[in-house]
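Observations on the model geometry
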Amino acid sequence: MPFTTKIQQGEIILEEHPLLYSHNRIRKFFLYTKGGIRIILARFHQEKPLIGSEQAIIEQIHTARFSQNNPYVITGGHFSPLFVRNLGIFYNALLDPRLPGTDRDWLLRQQIALKTVAFDLAIFTLAGKDFTTIYPAKKNIFTCYNVYTRPSDSLFAILYTLRALTDDTFIETLFPAKITKRKLQTIKAGKKLLEKYKKVLRQLIKNYYTEVIDLKTGLIKKDILLASARDGIKRQSSFYDNVIAWATIRLANQLDLYQITSKELDVWKKHIIQTFWNEKQGIFLDDLSSFSQQETLFSADSFVVLSAGFFSAKDTSDRYYLQRMIEYVKKNKLDKPIPLHYSLLDLPQNLYSHVRRFAPSYMGTSIWSHWGMEYIKALLYVSCGNDSLFADAKRHMAAYKKNIEQYGGYPEVYDKTGKLLNHQFYRSVLHNGWVINYEQTKMLFEN
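1. A look at the nonpolar core
Counting residues in hydrophobic clusters, the biggest one holds 149 residues, and the most contacted among them are Leu201 and Trp371. With 13 residues, helix H3 (residues 103-127) is the largest single contributor of residues to this core. Dropping the residues within four chain positions of it, Trp371 is found in contact with Ile89, Ala229, Tyr240, Ala300, Asp301, Phe303, Val304, Leu340 and Tyr342. Leu297, Leu347, Leu351 and Val355 belong to the second largest nonpolar core, which has 5 residues in total.

Written as structure tokens, this is what we have:
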């Protein structure tokens, strides 16, 4: 337990315990290999379905993922290491103070988020750089490695969480709705963390910007590969990575960690849109590779635009792009039988070798629950005056509820037919903490 928490006058206080970082390459390789074996073995030692109603199953997942005995929050199942991006991407709703539930659950969610981001910061300070993944090595010794290359979104996740820990209006600005919220109890602890690691964060952000951004084009460099939410596939300056880079610098500016003007951010945003938008298809191109441009490839993680703050649900011009993306999804049936297929194609030639060998459709034609929720949120914000789109959202939410009860969990990924992904060497995570994003989507839908 690198960090623990206590309650003092209604505020959550962080308590730090000694931890060490290992630079040993042999240990890194061993743990990386162990993680891969764990994924394969999980195919034969499957998670047991949870019993009960939708709500009962969600509560059981919360108990497993957000327990005060957990040192940090993980996806679950065979993903036992800490993937740093989780907090800002797949757990983007963790600190939403408007979610229904008990006061106890809200307290636990705040505590696990605070402990996790504090752990990220402590480890990256010891390591001197950011990584995709943090792995426990022995007792209080930890190490890091990248799956598969340096991350595009780890710093984003840290900054996103620091904003959410210190500002109770942050998440509702991204997903506005008039819903009563609970008191945020991490403001003092979050600000203390920010102050403690300000110097380190400034250096990490400076390194990130200079290493991934091509200063001539203002976009992600095309000659580097970055690990991201779609980390199993190689992409050249993807739309997702460019949005995340923009959002990272914007958050850094808001936290007084990087200086950039609103005008510069606006120009940068317009440049990204102009570069990637395909008006004919109504999509943002997946990346800037010649193949992507020739085939006008779409990727589901384009829907990161709302949670990253790149688009505003209140902005008419932003909603135009969301509307066109929805039309593309519906036209190509990427929302059938449930949303959202990652892509129309599997693209095995672009996959890393072991992903291609063991789970070729994992980030292709398979259906990802997280991007399904981000798609449904887009439906809700675009559906104003459009009963058909709202009916789509209603149908999709009902299908996801049915699946939670049918499978006894919240599956990470489905195959293209809508069944639990169950390849020869890979099976979907079932007790998946990403269910928090389903709960946020349900809350927005019901309100």
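2. Quick notes on the pairing of strand E1 (residues 3-8)
Looking at chain direction, E1 and strand E2 (residues 11-16) are connected through 6 bridges and run antiparallel. Its bridge partner being in E2, Thr4 is matched across the sheet by Glu15. Between the antiparallel neighbours E1 and E2 lie 2 residues, among them Gln9 with a positive phi of about 55 degrees.

3. Some points on the packing of helix H8 (residues 239-254) against helix H9 (residues 262-276)
When two helices pack together, you describe them by how their axes are tilted relative to each other and by the distance separating the axes. Packing of H8 against H9 leaves a shortest axis separation of 11 Å and a crossing angle of 175 degrees. By the angle class used here, H8 and H9 are roughly antiparallel. Taking contact as the criterion, the partners of Phe239, Asn242, Ala245, Trp246, Ile249 and Arg250 in H8 are, on H9, Leu265, Trp268, Lys269, Ile272 and Phe276. Partitioned by chemical class, the residues of the contact of H8 with H9 number 8 nonpolar, 1 polar and 2 charged.

4. What to know about unusual backbone geometry
Residue Pro337 follows Lys336 across a cis peptide bond; omega there is -5 degrees. Positionally, Pro337 belongs in the loop between helix H11 (316-331) and helix H12 (353-358). The residue after Pro339, namely Leu340, is reached through a cis peptide bond having omega 15 degrees. Of note, Leu340 is situated in the loop between H11 and H12. The backbone phi angle of Ser237 is positive, close to 50 degrees, even though this residue is not glycine. Among the secondary structure elements, Ser237 is positioned in the loop between strand E8 (219-220) and H8.

5. A short note on the pattern of salt bridges
Scanning all chains against the criterion turns up 26 salt bridges. Between Asp153 and Arg85 there is a salt bridge, with the nearest N and O atoms lying 3.1 Å from each other. Note that Asp153 is positioned in the loop between strand E6 (141-145) and helix H4 (154-166) and Arg85 in the loop between strand E4 (82-83) and H3, a separation of 68 residues in sequence. Given a relative accessible area of 0%, Asp153 falls into the buried group. By relative accessible area, Arg85 is classed as buried at 4%. For Lys330, the salt bridge is made with Asp392, and the minimal N-O distance between the two is 2.6 Å. Placement of Lys330 in helix H11 and of Asp392 in helix H14 (residues 387-407) is noted, with a sequence separation of 62 residues between them. On the accessibility criterion, Lys330 (31% relative accessible area) is partly exposed.

6. Observations concerning the pairing of strand E5 (residues 133-138)
A regular strand carries its side chains on alternate faces of the sheet. Pairing geometry for E4 and E5, over 2 bridges, is antiparallel. Looking at E5, one finds that Phe83 is bridged to Thr133. The sheet contact formed by E5 and E6 spans 5 bridges and is antiparallel. Within the sheet, the bridge partner assigned to Pro136 lies in E6 and is Phe142. Hairpin connection from E5 to E6: 2 residues lie between these consecutive antiparallel strands, with Lys139 at a positive phi of about 45 degrees.

7. Here's the deal with the packing of aromatic side chains
Within this structure, the stated rule accounts for 34 aromatic pairs. Ring centres of Phe119 and Phe142 lie 4.8 Å apart, and the angle between their planes is 70 degrees; this geometry places the pair in the edge-to-face category. Note that Phe119 is positioned in helix H3 and Phe142 in strand E6, a separation of 23 residues in sequence. The class of Phe119 is buried, set by a relative accessible area of 1%. We classify Phe142 as buried; its relative accessible area is 5%.

Calculation notes
- Residues numbered from 1 in each chain as written.
- Predicted model: local features only at pLDDT ≥ 70, side-chain atom pairs only at ≥ 80, totals over all residues.
- Heavy atoms only, no water.
- Core = buried A, V, L, I, M, F, W, Y, C linked by side-chain atoms within 4.5 Å.
- Buried < 20%, exposed > 50% of the residue type's maximum accessible area, 1.4 Å probe, protein only.
- Helix = DSSP H or I, 4+ residues; strand = E, 2+ residues; numbered from the N terminus.
- Contact = heavy atoms within 4.5 Å.
- Pairing = 2+ DSSP bridges.
- Axes fitted to C-alpha atoms, helices over the stretch in contact; angles between N-to-C directions.
- Parallel < 35°, antiparallel > 145°, perpendicular 65-115°, else oblique.
- Nonpolar A, V, L, I, M, F, W, Y, C, P; charged D, E, K, R; others polar.
- Salt bridge = Lys/Arg side-chain N within 4 Å of Asp/Glu carboxyl O.
- Phe/Tyr/Trp six-rings, centres within 6.5 Å; stacked < 30°, edge-to-face > 60°.

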